[in-house]
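Chain by chain, the residues:
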Amino acid sequence: MSRRPTPALLAAALLSVGLAGCSTAPAPAARPAVPAEPPKAATPTPRVPAGTAPAETFAVGVRQLKLNRDGARPLPVTLWYPARGEAGGAPQRGASVADGRFPVVMFSHGLNGRPDDYADLLTRWATAGFVVAAPTFPHTSRGADGNVLDVLNQPADVSYALDKVLALDGTAGDPLRGRLATDRVAAAGHSAGGVTTIGLFTAGRDERLDAGVVFAGTALGVGTAFAGAAAPQLFVHGEADEVVDYAAGKAVYDAVPWPKAMLSLPKGDHGRALLTDGAALRVVADTTSEFLRWTLYGDATARDRLPTDAARGNLATLDNRL
């Protein structure tokens, strides 16, 4: 695309509060290369065939991968995965992987955040039967230099991390060998990670992705030219978001040409109500889990539960176009 966002504009849209805190001033750096805008997407039916999601609730294991893209972009990845054992306890490091093949969800944190900030939500996805892989980005994570423009490099980081995660399914001796549904993959992210996620379906389209979940995201820098095969999208946004205006997230949602839904939280802010408040978190976790069950397991009953499960009193409303 021809336009590049100024640091001030992108910072104003992505500066995170709540979970992600406040960023430091961006360090001087060369602007990342921005790819040409891809062609507009066609609208075929979703690719995942009909199936049934697991009915059980899994225990959760957690482990780390030490990755580095091009030798210059360290990308440690935290993995939450379905494990053997009694469900309901805290995630166990190194726990044995449960039997079965599980879809993969790539999760991108917000500016000045880290994957562990989202552990409550990501653990719930793992208990529902998903392997969740969350990179820590080299310039936008907590304690890094805070170069906001580096968000535009993060879609490529996620694609690289996805390469390495999917390769574990065929790696001799790895606990995840033979346990990944490598043809069923989603991307999700919050705030700057939401920008990253949108980028994976627009300017940096990764054709392996079957679905996306965008929390408090905007399209600054990555555009709204959704491309490639249909990949259903779920947007989650607080109507009281003080960082990324609700209207900005809704505008991107409106541009999605595929099956889509938008979960709106009337009292939700940029982070806390979306991901840490008990009642709101339950609605967000339940809705996103059902969406992932449908899009990655092909479970139509999960899609059918969305309209009633998502609208709970004044906590949330769901615009469902799935």
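Everything that follows concerns the structure shown earlier in this document.
Residues numbered from 1 in each chain as written. Predicted model: local features only at pLDDT ≥ 70, side-chain atom pairs only at ≥ 80, totals over all residues. Heavy atoms only, no water.

A.B. asks: So what about the side chain of threonine 288? Which residues, and what values?
C.D. replies: Structurally, threonine 288 can be placed in helix α7 (residues 278-297). Relative accessible area serves as the criterion here: at 0%, threonine 288 is assigned to the buried category. Among residues more than four places away in sequence, those in contact with threonine 288 are Leu121, Trp125, Val213, Phe215, Leu234 and Val236. (Helix = DSSP H or I, 4+ residues; strand = E, 2+ residues; numbered from the N terminus. Buried < 20%, exposed > 50% of the residue type's maximum accessible area, 1.4 Å probe, protein only. Contact = heavy atoms within 4.5 Å.)

A.B. asks: Report on helix α5 (residues 246-255), specifying residues and quantitative values.
C.D. replies: Listed in full, the buried residues belonging to α5 are Gly249, Val252 and Tyr253. Projected down its long axis, α5 carries its buried residues within an arc of 105°, all on one side. Buried positions along α5 lie against α4 (192-199), β10 (233-238), β11 (260-265) and β12 (317-321). Two or three places before alanine 247, at the start of α5, stands the capping residue aspartate 245, its side-chain oxygen 3.0 Å from that residue's backbone nitrogen. (Arc of directions from axis to C-beta. Polar contact = N/O pair within 3.5 Å; in protein donor to acceptor, adjacent residues only side chain to side chain.)

A.B. asks: Talk me through the pattern of salt bridges; I want residue IDs and the actual numbers.
C.D. replies: A side chain of one charge can pair with a side chain of the opposite charge when the charged atoms of the two come close. Inspection of every chain in the model, using the stated rule, returns 18 salt bridges. Between aspartate 150 and arginine 73 there is a salt bridge whose closest N-O contact spans 2.7 Å. Here aspartate 150, found in the loop between β7 (131-135) and α3 (154-167), pairs with arginine 73, found in strand β3 (residues 73-74); they are 77 residues apart in sequence, far enough to count as distant. Each member of the pair, aspartate 150 as well as arginine 73, is classed as buried. The salt bridge partner of arginine 208 is aspartate 163, with a shortest N-O separation of 2.5 Å. (Salt bridge = Lys/Arg side-chain N within 4 Å of Asp/Glu carboxyl O.)

A.B. asks: Provide a residue-level description of the environment of valine 243, including the pertinent values.
C.D. replies: Following the sequence through the fold, valine 243 ends up in the loop between β10 and α5. Valine 243 gets classed as buried once you look at its relative accessible area, which sits at 14%. Spatially, the C-alpha atoms of valine 243 and alanine 216 are 8.7 Å apart, while their sequence positions differ by 27 residues.

A.B. asks: So, the sheet that holds β11: which residues are in play, and what are the values?
C.D. replies: If you walk across this open sheet you meet the 10 strands as β5-β1-β4-β7-β6-β8-β9-β10-β11-β12, and the pairing is mixed. Both edges of this open sheet fall to β5 (92-93) and β12, since each of them pairs with a single strand only. With 4 bridges connecting them, strand β9 (residues 209-215) and β10 associate as parallel partners. When the sheet's bridge partners are listed, valine 213 is paired in β10 with leucine 234. Most of the contacts of α3 go to strand β6 (residues 102-108), to which it runs at about 150°, and overall it touches β1 (59-65), β4 (77-83), β6, β7, β8 (180-190) and β9. In this fold α5 packs onto β10, β11 and β12, with an angle of close to 170° to the strand it touches most, β11. (Pairing = 2+ DSSP bridges. Axes fitted to C-alpha atoms, helices over the stretch in contact; angles between N-to-C directions.)

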